[in-house]
Amino acid sequence: MGEGEEIIADERVMDISLKDLSKQLEEFAMARDWEKFHSPRNLLLAMVGEVGELSEIFQWRGEVDKGLPNWEDADKEHLGEELSDVLLYLIRLADICGIDLGDAATKKIVKNAIKYPPKPRERKLL
């Protein structure tokens, strides 16, 4: 963030792109002179650590319902933070490796659709 810009924690960013996040992460690392630490290996290991923290949240809960209706707001916030950590490391890793994550993900969805076609629906006779 530049001088004079306020950080508003409650403001929601609805339509941020992977490219926007990538640029913010690059700027964040540059401002702190962390680029030298952002090798693919280091980023991957950091992401794996964050996946471990994400796993801990679910470790003793058993199966949970979609939408997490029985979770406290603080637990949901913690989950969002850990999911974000994983996402941000993934985006940074892809960027450092020269992978367009949005393009790669789109191509993977197409490959999966071909590999796993939908089952034909049964026709009901009237």
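Everything below is about the structure shown above.
Residues numbered from 1 in each chain as written. Predicted model: local features only at pLDDT ≥ 70, side-chain atom pairs only at ≥ 80, totals over all residues. Heavy atoms only, no water.

Caption draft 1: Representation of the packing of aromatic side chains in the model. Counting across every chain of the model gives two aromatic pairs. Here Phe 28 and Trp 34 contribute two aromatic rings whose centre-to-centre distance is 5.6 Å and whose plane-to-plane angle is 70°, an arrangement assigned as edge-to-face. You can call Phe 28 partly exposed: its relative accessible area is 39%. Between Phe 58 and Trp 71, the ring centres sit 5.4 Å apart and the planes meet at 50°, which makes this aromatic pair tilted. Here the residue Phe 58 occupies a position in helix α2 (residues 40-58), and Trp 71 occupies one in the loop between α2 and α3 (73-96), the gap between them amounting to 13 residues. A residue is classified by how much of its surface remains accessible, and Phe 58, at 31% relative accessible area, is partly exposed. The ring of Phe 28 has Arg 32 sitting right over it, with the charged end atom 3.5 Å from the ring centre. (Phe/Tyr/Trp six-rings, centres within 6.5 Å; stacked < 30°, edge-to-face > 60°. Buried < 20%, exposed > 50% of the residue type's maximum accessible area, 1.4 Å probe, protein only. Helix = DSSP H or I, 4+ residues; strand = E, 2+ residues; numbered from the N terminus. Lys NZ or Arg CZ within 6 Å of the ring centre and 35° of its normal.)

Caption draft 2: A look at a nonpolar patch on the surface. Nonpolar side chains collect at one region of the surface, where Phe 28, Trp 34 and Phe 37 lie side by side and expose about 310 Å² of accessible area between them. If you trace the backbone, Phe 37 turns up in the loop between α1 (18-31) and α2. (Patch = residues over 30% accessible without salt bridge, like charges linked within 9 Å, V, L, I, M, F, W, Y side chains within 5 Å. Areas by Shrake-Rupley, 256 points an atom, 1.4 Å probe, with all protein chains shown as cover. Salt bridge = Lys/Arg side-chain N within 4 Å of Asp/Glu carboxyl O.)

Caption draft 3: Highlighting the environment of Tyr 89. Mapped onto the elements of the fold, Tyr 89 is located in helix α3. On the basis of relative accessibility, which here comes to 28%, the residue Tyr 89 falls in the partly exposed class. When the C-alpha positions of Tyr 89 and Leu 45 are compared, they lie 9.5 Å apart, and in sequence the two are 44 residues distant. Excluding anything up to four places from it in sequence, Tyr 89 contacts Leu 43, Ala 46, Met 47 and Glu 50. (Contact = heavy atoms within 4.5 Å.)

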